[in-house]
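Here are the chains, one letter per residue:
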Amino acid sequence: MHVFVAGATGAVGRLLVPLLLDAGHQVTGISRTPEGAERVRRQGASAVRADVFDRDGLMEVVSAAAPDVVVHQLTDLSGADGEATNRLRREGTRHLVDAARAAGVTRMVAQSISWAYEPGEGPVDESVPLDIGAAQPRGALVDGLRALEDTAAEMDTAVVLRYGVLYGPGTWYAPGGAVAAALSGDPSARFLGSIEADLSVSSFLHVADAARAAVAALGWPAGPVNIVDDEPAQAREWLPVLATALGVPAPKAGSGREGWARGASNRLARARGWRPEYATWRTGFAAQDA
């Protein structure tokens, strides 16, 4: 299968490309920069330079590649700019879907997130609606994700991977990353998240498991799938473990909880044969490499 990877140099994409090659797929990855394109080539894949905000240019490169499937792993999180990320989810996805359809591609695998569901109790499954109408700034995040998922659904087959909070190399939660800086008291640390050790529940996912899920999803039926580890946990549980792994001070325990912070169930993904290698953040945090 010829797989076109948008976001090939991101935290998930850089792990995904070699996994796809090892599975016997032909891979074309895109990057906005010459350095990024060269990195993809060094992994053994074909690479093209493209900007997903350049609709005509993207049309050309997807048409020339003529892939069987497009994998959408695009993010814009390095600057912790929620507005930029939402623009990418809306406009970038729009252009990518238009380019894929124009090239005759019928299948897409797209990255979403698992903490955009309505408030409630207990880990959430894919039958629960997204939190449409949430107060700002959460409302903008959910609207951006809805645009991404609705646009991807225009493909004949679109598998939407609702990832947990990503940790591991290249993420905010890696050693030396933004979360470690924030826990150490650096006021300039920037990331989209919280370091309040309260009762809010999160589901985590190592980037390597995210990449493995994207490979598996090439053969899955359409629809959203939560891709998370096996242990949703309150911040007052996981934050001290993360702090120890990062070698930084742990915050004091609190008692508040965001109603939407309820964690997610990976039952559907497991029913399709996916298993997280890092089954829990308890061991995954300690196994991170910088």
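In this text, all values refer to a predicted model and were calculated from it rather than measured experimentally.

Draft legend 1. Region of interest: the overall build of the protein chain. The helix and strand tally for the protein chain stands at 10 helices and 11 strands. Scaling as 2.2 N^0.38, a compact globule of 290 residues should have a C-alpha radius of gyration of about 19 Å, and the protein chain matches this with 18 Å. In terms of overall dimensions, the protein chain has a C-alpha envelope of 55 × 35 × 35 Å along the principal axes. Looking at the protein chain as a whole, 52% of its 290 residues are labelled buried. Carbon and sulfur atoms make up 48% of the accessible area of the protein chain, which amounts to about 12300 Å² in all. Here the protein chain carries 27 positive and 34 negative side-chain charges, and the mean point of each set is 2 Å from the other.

Draft legend 2. Fine view of the packing of aromatic side chains. Enumeration over the complete set of coordinates arrives at 9 aromatic pairs. Ring geometry for Tyr-167 against Phe-204: centres 6.2 Å apart, planes inclined by 70°, an arrangement best described as edge-to-face. Here Tyr-167, found in strand β7 (residues 165–167), pairs with Phe-204, found in strand β9 (residues 204–206); they are 37 residues apart in sequence, far enough to count as distant. Note on accessibility: Tyr-167 and Phe-204 belong to one class, buried. Linked through ring pairs, Tyr-167, Tyr-173, Phe-204, Trp-238, Trp-281 and Phe-285 together constitute an aromatic cluster. The aromatic ring of Phe-53 is capped on one face by Arg-87, whose charged end is 3.8 Å from the ring centroid.

Draft legend 3. Quick look at a negative patch on the surface. Where like charges cluster on the molecular surface, the negative patch consists of Asp-51, Asp-54, Asp-56 and Glu-60. Structurally, the position occupied by Asp-56 is in helix α3 (residues 55–65).

Draft legend 4. Inspection of the pairing of strand β1 (residues 2–6) at higher detail. Among the 5 residues of β1, 5 are classified as buried, and the element is accordingly described as predominantly covered. Along β1, one buried face is formed by His-2, Phe-4 and Ala-6 and the opposite face, lined by Val-3 and Val-5, is buried too. In this sheet, strand β2 (residues 26–31) lies alongside β1 in parallel orientation, the contact comprising 5 bridges. Following the sheet pairing, Ala-6 is matched in β2 by Ile-30. Running through helix α1 (residues 13–22), the crossover from β1 to the neighbouring parallel element β2 is right-handed. The sheet contact formed by β1 and strand β4 (residues 69–72) spans 4 bridges and is parallel. Within β4, the residue paired with Ala-6 across the bridge is His-72.

Draft legend 5. Spatial organisation of α1. Three or more residues of α1 are buried, namely Gly-13, Leu-16, Val-17 and Leu-20. For α1, the buried positions fall inside an angular range of 105° around the axis, keeping them on one side. Where α1 ends, the next residue or the one after it, Gly-24, has phi of about 95°, a positive value.

Draft legend 6. Structural detail: the packing of α3 against helix α4 (residues 82–102). The interhelical angle for the contact between α3 and α4, taken along N-to-C directions, is 40°, at an axis separation of 9 Å. The pairing of α3 with α4 is recorded here as oblique in orientation. The crossing of α3 and α4 is right-handed. Touching Arg-55, Leu-58, Met-59 and Val-62 of α3 are His-95, Leu-96, Asp-98, Ala-99, Ala-100 and Ala-102, all from α4. Residue composition of the contact of α3 with α4, by class: 7 nonpolar, 1 polar and 2 charged.

Draft legend 7. Geometry of the packing of α4 against helix α5 (residues 138–152). Orientation of α4 relative to α5, taken along the N-to-C sense of each, is 10°, at an axis distance of 8 Å. Comparing the axis directions of α4 and α5 gives the class roughly parallel. On the side of α4, the interface is formed by Asn-86, Arg-89, Arg-90, Thr-93, Arg-94 and Val-97, while α5 contributes Ala-140, Leu-141, Gly-144, Leu-145, Ala-147, Leu-148, Thr-151 and Ala-152. Residues of the contact of α4 with α5, tallied by class, amount to 7 nonpolar, 4 polar and 3 charged.

Draft legend 8. Here's a closer look at the pattern of salt bridges. In the structure shown here, the tally under the stated rule is 14 salt bridges. Two residues, Arg-94 and Asp-98, come together in a salt bridge whose shortest N-O distance is 2.9 Å. Taken as a pair, Arg-94 and Asp-98 lie in helix α4 at a separation of 4 residues, close to a single helical turn. One salt bridge in this structure joins Asp-131 and Arg-138, with 2.9 Å as the shortest N-O distance. Of the residues examined, Asp-131 reaches a relative accessible area of 10% and is grouped as buried. Through salt bridges that share partners, Arg-55, Arg-94, Asp-98, Arg-101 and Glu-154 make up one connected network.

Definitions and limits used
Residues numbered from 1 in each chain as written. Predicted model: local features only at pLDDT ≥ 70, side-chain atom pairs only at ≥ 80, totals over all residues. Heavy atoms only, no water. Helix = DSSP H or I, 4+ residues; strand = E, 2+ residues; numbered from the N terminus. Rg over C-alpha atoms; globule rule 2.2 N^0.38 Å. Buried < 20%, exposed > 50% of the residue type's maximum accessible area, 1.4 Å probe, protein only. Areas by Shrake-Rupley, 256 points an atom, 1.4 Å probe, with all protein chains shown as cover. Lys, Arg positive; Asp, Glu negative; His and termini not counted. Charge placed at Lys NZ, Arg CZ, Asp CG, Glu CD. Phe/Tyr/Trp six-rings, centres within 6.5 Å; stacked < 30°, edge-to-face > 60°. Lys NZ or Arg CZ within 6 Å of the ring centre and 35° of its normal. Patch = residues over 30% accessible without salt bridge, like charges linked within 9 Å, V, L, I, M, F, W, Y side chains within 5 Å. Salt bridge = Lys/Arg side-chain N within 4 Å of Asp/Glu carboxyl O. Pairing = 2+ DSSP bridges. Right-handed = clockwise from strand over helix to strand, strands pointing away. Arc of directions from axis to C-beta. Axes fitted to C-alpha atoms, helices over the stretch in contact; angles between N-to-C directions. Parallel < 35°, antiparallel > 145°, perpendicular 65-115°, else oblique. Left-handed = near helix turned anticlockwise from the far one by under 90°. Contact = heavy atoms within 4.5 Å. Nonpolar A, V, L, I, M, F, W, Y, C, P; charged D, E, K, R; others polar.

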